[in-house]
Amino acid sequence: MSDGAVLHVKGRVLVGPEDVRDELWVVGGRVTYDRPAGARDVRTVEGWALPGLADAHCHVGLGPDGPVDAGTAEKQALTDRDAGTLLIRDAGSPSDTRWIDDREDLPKIKRAGRHIARTRRYIRNYAWEIEPDDLVAYVAQEAERGDGWVKLVGDWLDRDLGDLAPCWPREAVEAAIAEAHRLGARVTAHCFAESSLRDLVEAGIDCVEHATGLTDDLIPLFAEREVAIVPTLVNIATFPRLADGGEKKFPRWSAHMRRLHERRYDTVRNAYDAGIQVYAGTDAGGSLAHGLVAAEVAELVTAGVPAVDAVSAACWGARAFLAAPNLVEGAPADLVVYEADPRADVRVLAAPRRVVLNGIVIE
């Protein structure tokens, strides 16, 4: 499209879960619902249009061994884009991906800086590995570097214990979360285990990643404190393989991981039923492929989340959670067009007909 071109999106435009309009226009890369007067050089796209999908837990610039080069990071971002993901919350990366912000053809990223983990309690080369006395300082550092988020590793394998265990004392996370909030950042944490959750939530955390340890006694606390979860079910699907690999050395941990996997759908459904906000995240990067947001939405439906709410978890609701605009007047024209209504069948999300980013139709 040329600089003066106008895009006409017609068919059914899902401005919200129940707010359906017949058309929108894109002028100067932005959404308008007013037909532009005297528009020429108009291109028309037809179908079911949604705001660009959001992956609330993704890692651009991260590979199995840590940071990757810019070319690999670009391929990761392009894979997500082509799958309809136009907004990413990067939940921890050791790479500097700020250059992506200058590319109009790549998804928009909201970064949580680099993971902050306890010494020798996380995947090598991924995180800052520190001790509790330094937690506040590192949280402040990553709050300044990020885009409104900080990511902690809340629990991990304790080799002496042979099982998952919390990484931080209560007083350390209280001080760290308070510092992040003072600086205007929200805090999320990687948590597989049950034992790390109460301290983090009572300390004021805003979100929990994976949340496989969310038990019935903790659900009311999450709901009362309005703590969101991002289950990353496509990642939790790998737990049996991980458990098999650790069986010989850490049998207690392996058994625990299998239990968490076995009840994963009940965990998510119980959280949803209690009114906890659930958002779609793939945990792409590291060892998991990019472009899996449609698969994650399908997993949420399998867990028992109604289809329209599962779509919202990667669309309208997720964008609001990440303080990004939906298809409102004047917003950047980031949208995806499908053959059919994904609220009726979320599998539609796996096959975008057209992806439009910053008003540009991606060919």
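In short, a report on the structure.

The rules behind these values
- Residues numbered from 1 in each chain as written.
- Predicted model: local features only at pLDDT ≥ 70, side-chain atom pairs only at ≥ 80, totals over all residues.
- Heavy atoms only, no water.
- Helix = DSSP H or I, 4+ residues; strand = E, 2+ residues; numbered from the N terminus.
- Rg over C-alpha atoms; globule rule 2.2 N^0.38 Å.
- Buried < 20%, exposed > 50% of the residue type's maximum accessible area, 1.4 Å probe, protein only.
- Areas by Shrake-Rupley, 256 points an atom, 1.4 Å probe, with all protein chains shown as cover.
- 1 Å grid on protein atoms, 1.4 Å probe; cavity = no way out; pocket = protein on both sides within 12 Å on 5 of 7 lines; lining within 4 Å.
- Points joined across faces, edges and corners; volume = space filled by probe spheres on them.
- Nonpolar A, V, L, I, M, F, W, Y, C, P; charged D, E, K, R; others polar.
- Pairing = 2+ DSSP bridges.
- Axes fitted to C-alpha atoms, helices over the stretch in contact; angles between N-to-C directions.
- Parallel < 35°, antiparallel > 145°, perpendicular 65-115°, else oblique.
- Contact = heavy atoms within 4.5 Å.
- Expected span 1.5 Å × (residues − 1).

1. As for the overall build of the chain
Each helix and strand counted, the chain has twelve helices and 20 strands in total. Scaling as 2.2 N^0.38, a compact globule of 363 residues should have a C-alpha radius of gyration of about 21 Å, and the chain matches this with 21 Å. By principal-axis analysis of the C-alpha atoms, the chain measures approximately 70 × 40 × 35 Å. Counting only residues that meet the buried cut, the chain has 56% of its 363 residues in that class. Within the structure as shown, the chain displays about 14700 Å² of accessible surface, and the carbon and sulfur contribution to it stands at 48%.

2. What about empty space enclosed by the protein?
If a probe the size of a water molecule is rolled over the atoms, the empty space left behind becomes visible. Within the structure shown, the criterion is met by one cavity of 30 Å³ or more. The wall of the largest cavity is formed by His-210, Thr-212, Pro-231, Leu-233, Arg-264, Thr-267 and Val-268. Residues that form the lining of the largest cavity fall into these classes: three nonpolar, three polar and one charged.

3. Focus: the sheet that holds strand β5 (residues 53–58)
With parallel pairing, the three strands of this open sheet are ordered in space as β5-β8-β9. With partners counted over all chains shown, the strands left at the sheet margins are β5 and β9 (108–111), one partner each. With direction set aside, neighbouring strand axes in the sheet form an average angle of 20°. Taken together, the four bridges between strand β8 (residues 85–90) and β9 define a ladder with parallel strand orientation. Each bridged residue has a counterpart across the sheet, and for Leu-87 the counterpart in β9 is Lys-108.

4. A word on the pairing of β5
Counting buried positions over the six residues of β5 gives six, a clear majority of the element. Sheet topology note: the β5/β8 ladder contains four bridges and is parallel. For Cys-58, the partnering residue across the bridge sits in β8 and is Asp-90.

5. A look at the packing of helix α7 (residues 239–246) against helix α8 (residues 251–262)
The N-to-C vectors of α7 and α8 enclose an angle of 170°; their axes lie 8 Å apart at closest approach. Classified by the interaxial angle, the pair formed by α7 and α8 is roughly antiparallel. Contact residues: α7 offers Phe-239, Pro-240, Leu-242, Ala-243, Asp-244 and Gly-246, while α8 offers Pro-251, Trp-253, Ser-254, Met-257, Arg-258, Leu-260 and His-261. The residue makeup of the contact of α7 with α8, split by class, is eight nonpolar, three polar and two charged.

6. Quick look at α8
Counted at 1.5 Å a residue, the expected span for α8 with its twelve residues is 16 Å, and the 17 Å between its end C-alpha atoms agrees. The elements touched by buried residues of α8 are β13 (155–158), β14 (163–166), α6 (233–236), α7 and α9 (264–273).

7. Let's talk about the environment of Gly-162
As for its placement among the helices and strands, Gly-162 is situated in the loop between β13 and β14. The class for Gly-162 is buried, based on a relative accessible area of 10%. C-alpha separation for the pair Gly-162 and Arg-258, spaced 96 residues apart in sequence, amounts to 15 Å. When sequence neighbours within four positions are dropped, the list of residues in contact with Gly-162 reads Leu-157, Phe-250, Arg-252 and Trp-253.

8. Examining the layout of surface pockets
Looking at the largest pocket, its volume works out to about 800 Å³. Along its surface, the largest pocket is lined by 31 residues, and Tyr-122, Ile-123, Tyr-126, Trp-156 and Leu-242 are the ones closest to its centre. Looking at the lining of the largest pocket, the elements that each hand over two or more residues are β13, α7 and α8. If one sorts the elements of the lining of the largest pocket by residue count, α7 sits on top with three residues. Of the residues belonging to the lining of the largest pocket, the class tally is 14 nonpolar, ten polar and seven charged.

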